[in-house]
Amino acid sequence: MREEAERKAAEDAARLEAEQAAREQALREEAERQAAEETARLEAEQAAREQALREEAERQAAEEAARLQAEQAAREQALREEAKRKAARKKAELAEQKRRKAEERAQLKAQRAEEAAREKSELARKKRIEAQETAKLEAELTERKRQATEEVAKQQAILDEFKRKAAAEAAKLQALQEETARKAAQEIAQHQAEQERKEAERLAVAQQERKERARRQLQQESEQKRLVAAQDQQRKAEEHRKITEREAQLAAEKEAQAAQRKAMEEQAVTRAAAELTQQPSLKSARARVKTNLELPRRNIERGQVPPTATRRKHQAGEPNLYSLRPFRNTPEVRSRAQRSRAHMRTSFMTAALALATLMILLGRFWSLDAPQVITGASTVAISPNTGPVLLAGNQLLLHDRSGIGTRTLPLATLGLSSLQAPMVFDTNGELIALGKLKTAAKDPDQIESLQLLRCDLDAATCDLFSQHLSGINIAGFAMHELDRSIFIADAHNGQLAHASSDGVVLAQVSAPIPENPVLRLESGLLFMNSALGPAVSVFRYDEKAFGQQLDEILLLPPDAVTAEQSRVKDFVRTASFWWVSMYNPETNNAALYRFDGQWNFVERAELPPGTQPQQLISWGQKTLVRDNSQLPVQRFNANGAPEVPLISDLLVTLADEQHRATLVQGVAWRISAILCALVSVIGLCIGIVQRLRGLVYKSHRERGATPVDEYAEVVHWVDPAPDRMMQLRRTGISYALMALALVLLAIGQSASALQLTALLLGLCGPAIALLLVARGSIGHIGIFQEQLLLVDHNNMYHLGAGPRIAYRGPFLLLDDVVVFTGSRSLPAFAARQLHGGVTPLAEAGIKVDRNTLLVKLLQCRHPIAQGAVATVVLLTISCALLGLQGIF
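This is a predicted model, so every value here is computed, not measured. The residue numbers shown here count from 1 along each chain, following its written sequence. Totals for whole chains, interfaces and linings use every residue, but because this is a predicted model, local features are given only for residues with pLDDT of at least 70 and side-chain atom pairs only at 80 or more, for both listing and counting. With hydrogens and water excluded, all non-hydrogen atoms of the structure serve as input to the side-chain values.

Topic: the overall build of the protein
No. 1: Helix and strand labels come from DSSP, where a helix needs a run of H or I of at least four residues and a strand needs a run of E of at least two; each type is numbered from the N terminus. Secondary structure assignment for the protein yields 14 helices and 33 strands.
No. 2: Accessibility here uses a 1.4 Å probe with only protein chains present; expressed as a share of the type maximum, an area under 20% marks a residue as buried, one over 50% as exposed, and anything in between as partly exposed. Burial analysis of the protein (888 residues in total) assigns 36% to the buried set.
No. 3: Should any heavy atoms of two residues lie within 4.5 Å, those residues are considered in contact. Within the protein, contacts between residues separated by at least 24 positions form 57% of all contacts whose residues are at least 6 apart in sequence.
No. 4: Surface exposure here means Shrake-Rupley accessible area, sampled with a 1.4 Å probe, where a residue is shielded only by the protein chains that are shown. Working note: accessible area of the protein is about 51600 Å², and carbon and sulfur atoms make up 56% of it.

A look at the pairing of strand β6 (residues 416–425)
No. 1: Across seven bridges, β6 lies against strand β7 (residues 431–437) in antiparallel orientation. Looking at β7, one finds that M423 is bridged to A433.
No. 2: Two strands qualify as a pair provided that DSSP identifies no fewer than 2 bridges between them. What sits between the antiparallel neighbours β6 and β7 is a turn of five residues, in which G429 has the positive phi angle 85°.

Regarding the nonpolar core
No. 1: We call a set of buried Ala, Val, Leu, Ile, Met, Phe, Trp, Tyr and Cys residues a nonpolar core when their side-chain atoms join them within 4.5 Å. Among the nonpolar cores identified, the biggest contains 33 residues, and I781, L788, L790 and V838 are the most heavily contacted of them.
No. 2: Elements with a contribution of two residues or more to this core: α11 (753–775), β27 (780–784), β28 (787–791), β31 (811–814), β32 (817–820), α12 (831–843) and α13 (850–859).
No. 3: Beyond its immediate chain neighbours, meaning those up to four positions away, V838 contacts V718, I781, I783, L788, L812 and Q833.
No. 4: Core analysis: the second largest hydrophobic core is formed by 21 residues, L391, L453, L457 and C462 among them.

Examining helix α9 (residues 649–696)
No. 1: Given a rise of 1.5 Å per residue, 48 residues ought to cover 70 Å, and the 69 Å separating the end C-alpha atoms of α9 matches this to within 8%.
No. 2: Counting of polar contacts relies on pairs of N or O atoms within 3.5 Å, with two restrictions inside protein: one atom must be capable of donating a hydrogen and the other of accepting it, and residues adjacent in sequence are counted only when both atoms are side-chain atoms. With a side-chain oxygen positioned 3.4 Å from the backbone nitrogen of L650, the residue opening α9 is S648. For a helix, the expected span equals 1.5 Å multiplied by the number of residues minus one.

Focus: the sheet that holds strand β18 (residues 567–574)
No. 1: Within the open sheet, the four strands sit side by side as β18-β19-β20-β21. Their pairing is antiparallel. Two strands bound the open sheet, and with one partner strand each, they are β18 and β21 (601–604). Pairwise comparison of adjacent strand axes, ignoring direction, gives a mean angle of 25° for this sheet.
No. 2: The pairing of β18 with strand β19 (residues 577–583) spans seven bridges and is classified as antiparallel. Bridge pairing in β19 places T574 opposite F577. For helices, the fitted line uses only the C-alpha atoms of the stretch in contact; every axis is such a line through C-alpha atoms, and the angle between N-to-C directions lies from 0 to 180 degrees.

Side note on empty space enclosed by the protein
No. 1: The pocket and cavity definitions rest on a 1 Å grid over protein atoms only: a 1.4 Å probe that fits but cannot leave marks a cavity, an open set with protein on both sides within 12 Å along at least five of seven lines marks a pocket, and residues lining either have an atom within 4 Å of a point. Grid points are joined across faces, edges and corners, and a volume is the space filled by probe spheres set on the points. Considering all chains together, one arrives at six cavities of 30 Å³ or more under this definition.
No. 2: As for the largest cavity, its lining consists of 17 residues, and the residues nearest its centre are R724, S777, I778, F820 and H862.
No. 3: Going through the elements one at a time, β32 and α14 (863–884) are the ones with two or more residues in the lining of the largest cavity.
No. 4: For the lining of the largest cavity, the element with the most residues is β32, which contributes three residues.
No. 5: For the lining of the largest cavity, a count of residues per class yields 10 nonpolar, five polar and two charged. Only Asp, Glu, Lys and Arg are considered charged, only Ala, Val, Leu, Ile, Met, Phe, Trp, Tyr, Cys and Pro nonpolar, and every remaining residue, Gly among them, polar.

Digging into the packing of aromatic side chains
No. 1: A pair of aromatic rings is counted whenever rings of Phe, Tyr or Trp (Trp by its six-membered ring) have centres within 6.5 Å, and the orientation is called stacked for planes under 30 degrees apart, edge-to-face for over 60 and tilted otherwise. Taken as a whole and assessed by the stated rule, the structure comprises 11 aromatic pairs.
No. 2: Summarising the aromatic geometry, the rings of F487 and F546 are spaced 6.2 Å apart at their centres and angled 25° between planes, so their arrangement reads as stacked. On the criterion of sequence distance, the pair formed by F487 in strand β11 (residues 486–490) and F546 in the loop between β16 (535–539) and β17 (549–554) is long-range, its members being 59 residues apart. Just as F487 is buried, F546 falls in that class too.
No. 3: When the ring centre of Y697 is taken as reference, the NZ or CZ atom of R336 above it lies at 4.7 Å.
No. 4: Comment: the charge-over-ring label is applied if NZ (Lys) or CZ (Arg) is within 6 Å of the ring centre and within 35 degrees of the ring normal. One residue, R594, lies across the ring of F577, its end atom 4.4 Å from the ring centre.

A closer look at the state of the cysteines
Cysteine pairs can be covalently joined through their sulfur atoms, and such a bond is termed a disulfide.
No. 1: Defined by distance alone, a disulfide is two cysteine sulfur atoms within 2.5 Å. Under the criterion given, the structure shown has one disulfide.
No. 2: At a sulfur-sulfur separation of 2.0 Å, the disulfide partner of C455 is C462. Here the disulfide of C455 and C462 is right-handed, its torsion about the S-S bond being about 115°. For the residue pair C455 and C462, the accessibility class agrees, reading buried in each case.

Section: unusual backbone geometry
Excluding glycine, residues mostly have negative phi values, and the peptide bonds linking residues are mostly trans.
No. 1: Along the chain, A421 connects to P422 via a cis peptide bond; the corresponding omega equals 0°.
No. 2: On the secondary structure map, P422 appears in strand β6.
No. 3: We note that S750 has phi near 60°; this positive angle belongs to a residue other than glycine.
No. 4: Its location among the elements puts S750 in the loop between α10 (724–748) and α11.
No. 5: Phi is positive for D815, close to 55°, though the residue is something other than glycine.
No. 6: Exposure remark for D815: the relative accessible area of 12% places this residue in the buried category.

Focus: the packing of α9 against α13
No. 1: Packing of α9 against α13 brings their axes to within 9 Å, and their N-to-C directions diverge by 100°. In terms of axis orientation, α9 runs roughly perpendicular to α13. Contacts between α9 and α13 pair V689, L692, R693 and V696 from the former with N851, T852, V855, K856, L858 and Q859 from the latter.
No. 2: The residue makeup of the contact of α9 with α13, split by class, is five nonpolar, three polar and two charged. Every angle not falling under 35 degrees, over 145, or within 65 to 115 is termed oblique; those three ranges are roughly parallel, roughly antiparallel and roughly perpendicular.

Notes on the environment of T375
No. 1: By the secondary structure assignment, T375 is in the loop between α7 (336–367) and β2 (379–382).
No. 2: The exposure class assigned to T375 is partly exposed, which follows from its relative accessible area of 36%.
No. 3: Residues T375 and A655, spaced 280 residues apart in sequence, show a C-alpha to C-alpha distance of 6.7 Å.

Focus: the packing of α10 against α11
No. 1: Where α10 meets α11, the axes come as close as 11 Å, and the angle between the chain directions of the two elements is 180°. Overall, the two elements α10 and α11 adopt an arrangement that is roughly antiparallel. In this structure, α10 uses R724, M725, L728, T731, G732, Y735, A739, L742, V743, A746 and I747 to contact α11, whose residues at the interface are L756, L759, L760, L763, P766, A767, L770, V773 and A774.
No. 2: Split by residue class, the contact of α10 with α11 holds 17 nonpolar, two polar and one charged.

Looking at the confidence of the model for the protein
No. 1: Chain-level statistics for the protein give a pLDDT mean of 80 and a share of 85% at 70 or above.
No. 2: Contacts from residues 279–311, a stretch scored under 50 in pLDDT, to residues over four places away or in other chains number 48 contacts. On a scale of 0 to 100, pLDDT captures the predictor's confidence in every residue.

Considering a nonpolar patch on the surface
No. 1: Two distance rules govern patches: like charges are joined within 9 Å, and nonpolar side chains (Val, Leu, Ile, Met, Phe, Trp, Tyr) within 5 Å, applied only to residues with over 30% relative accessible area and no salt bridge. One speaks of a salt bridge when a side-chain nitrogen belonging to Lys or Arg is within 4 Å of a carboxyl oxygen belonging to Asp or Glu. A cluster of nonpolar side chains, contributed by L854, L858, V869, V873 and I877, occupies part of the molecular surface with about 360 Å² of accessible area.
No. 2: Listed by contribution, the elements that provide at least two residues to the nonpolar patch are α13 and α14.
No. 3: Counting residues per element, the nonpolar patch draws most heavily on α14, which supplies three residues.
No. 4: Structurally, V869 is set in helix α14.

A look at the sheet that holds strand β9 (residues 461–464)
No. 1: Taken together, four strands build an open sheet; the order of strands is β6-β7-β8-β9 and the sheet is antiparallel. Edge positions in the sheet fall to β6 and β9, since each of these pairs with one other strand and no more. Across the sheet, the mean angle from the axis of one strand to that of its neighbour is 40°, orientation sign disregarded.
No. 2: Bridge count for β7 against strand β8 (residues 451–456) is five bridges, and the pairing is antiparallel. Across the sheet, residue A433 finds its bridge partner in β8, namely L453.

Overview of the pairing of strand β15 (residues 525–529)
No. 1: β15 sits mainly inside the fold: four of its five residues count as buried.
No. 2: Two strands pair when backbone bridges link them, and strand β14 (residues 519–522) and β15 are joined in this way by four bridges, in the antiparallel orientation. Of the residues in β15, the one forming a bridge with L521 is L526.
No. 3: Between the end of β14 and the start of β15, which pair antiparallel, lie two residues, with S523 showing a positive phi angle near 60°.
No. 4: Of the pairings in the sheet, the one linking β15 to β16 comprises four bridges and is antiparallel in character. Bridge pairing in β16 links L526 to F539.
No. 5: In this structure, the hairpin formed by β15 and β16 is closed by a connection of five residues.

Now the structure itself:
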């Protein structure tokens, strides 16, 4: 029974100890995990800051050492070159002295020795000076290294102090419960260690006692059991007492924490009330004042700023502290470089695709044939059955006897691929003209040459006039009205030919043929414009004497002689008068003259300005004058008086449709090209900006801002410029006057509406930029001991000194916080305070390049950057409008 009781007591004790050990192990593991996480986070932040400080110090030391070494090398090189120059000069002087009188050699030798000694002494002195300078530079370098080391140590001390403060504040305000848990875990661990030690001692004593009981008598066992039971009871009482004390301590800490939080809230409310009392325009609110600041002010508690009973005076350049928000080094900030590289690749790829599309569009546009522009009829023929027939583009326009259009007949409907002058109608109403059949394109021998065609417009069919004329290069022809025989002029071979109505060649002779021959049959004779001068050649066309030249009618109107119009372009007989178009072969200037039946000059026909008589058509008692650059066909009566021009409604409609189609096609091509060009330029610009952004944010040197409440009471704020708005107003008025002068100058130069629109858009860009700068906030600049507190236009602030500050021109930068200090035309802050307090602190920082400044301005969306982007966009739109002006 005794052994059974001992075994049960031992099992109960073991079970209790196992449960207590499990609870203590769980608490200990939780406390160790939280402590390890906090330690790892703090160590990582400390390592990053230490690495940044070490890299900055090493970089500055390396730059200083490189500069000193370069200066020393430059001095040594200059001394060596000076010594070489002196040696060369001395050698030249010695050579000159040797050529002089022989009696002076001894003196020259003495002088040379003396100069050599002096030069040696000078070199020795220079070497000493150089050694002294080298030693001085080395000492200066050592001193600067020491200063850099001290700066690193100082920064490390500041970092350690900041870490200590951050850890203390985090433990006091944000992790009070965790600290309590850690303390409890430590107490549990100490208690467990004490218990283990006591248990080990107890086991040793028990083992010793058991050994002694074994050696002694069995009656000592009862005494040992009583002792063990007493010890267990005492241990349980001790554990219960400690647990009770720990619970009481936790409750006291919770009460202290609640009291501290209440005191902090009361301090925040007191400060908010003090701030609000400085703004009399604001009404008092019942709700508790809220702030964006992360930590409350603790300066008075820490003793940094002595408490004062009087209210602090509000400074002119001081911001509303409750609207400020600190810069934070978030994961998004740290991943900027990676995201910028991805955006850069996308932008460059888009720009490349747009540029390739632009090249394809331009290549396709240049490979296309020029669109056929219809400005007038290509040729005109008079049908005996209907009226005028005009050839315009690839269509025949048919009209009635009054000149009103009846229908349009495309050449494709007739089976033709092309058709050209001359065109005549025979007595049967069939059209005889030069052209190409679509089926002839399959014959290689007929691709280059034109064929004489016969077309039935009513049946919409065309065929070769005759197969017998396939070997003749027809340049001009005329048809006999009675037997429908054809008289042909071959300019290529210089021959005149006569063919029957079936195309059988009846006669063929050689004759001088002009480049564009015009044949007319009149009074049994064949007339043709001369190839030699301002004349009309007269030939016989009967079978016995075909091609025999009878006369050469010389045409010398005074105006034609004055204008050197020495060639006949076209001529026709209407009623009893001859109408002749003569031109200058060099200037192509032409005029229309009228002769009587005996070729005596009568007068010069008055044509509208700009009209060139290219074809003359006889229409009954009327004479038509065609110019393919004008839609109207001029009309004259039998007496030579001008009448109402023949204006074809079909030709006007066709020209309008063709003009609209050409315009739409041009608009489509230009808009596509401009869009592709804009996309490529925009993609390239965005890619370049993203590349610069990736390079700027590659170093990951950003650091979060400390709470402003810690030093808000002692910051000296820079006042804004007193006359800022007045100066901006003057700048705006000056720019408005300049823009008005440019607009008036453009109007005086008769600029088009599209050009004026582009000019106004381009001028609106700087105006918008000036408006954004005027309406935007200039930010705030504060001075705290040797540090600058910058607040940008978005109320984001940052604090830094030394290499943490970057500057470029009138811009100050602290990570993403950018402040524009102002210029002469765009003032921002008081110049005297800037030069007195801000400039020395800023010059202790790092001067960044333009790319870094550009990236920072775009990142913070500064009003100056927004104005520059608006200006570039509007200028791009203006250039695009100027590129479209050729369409409209």
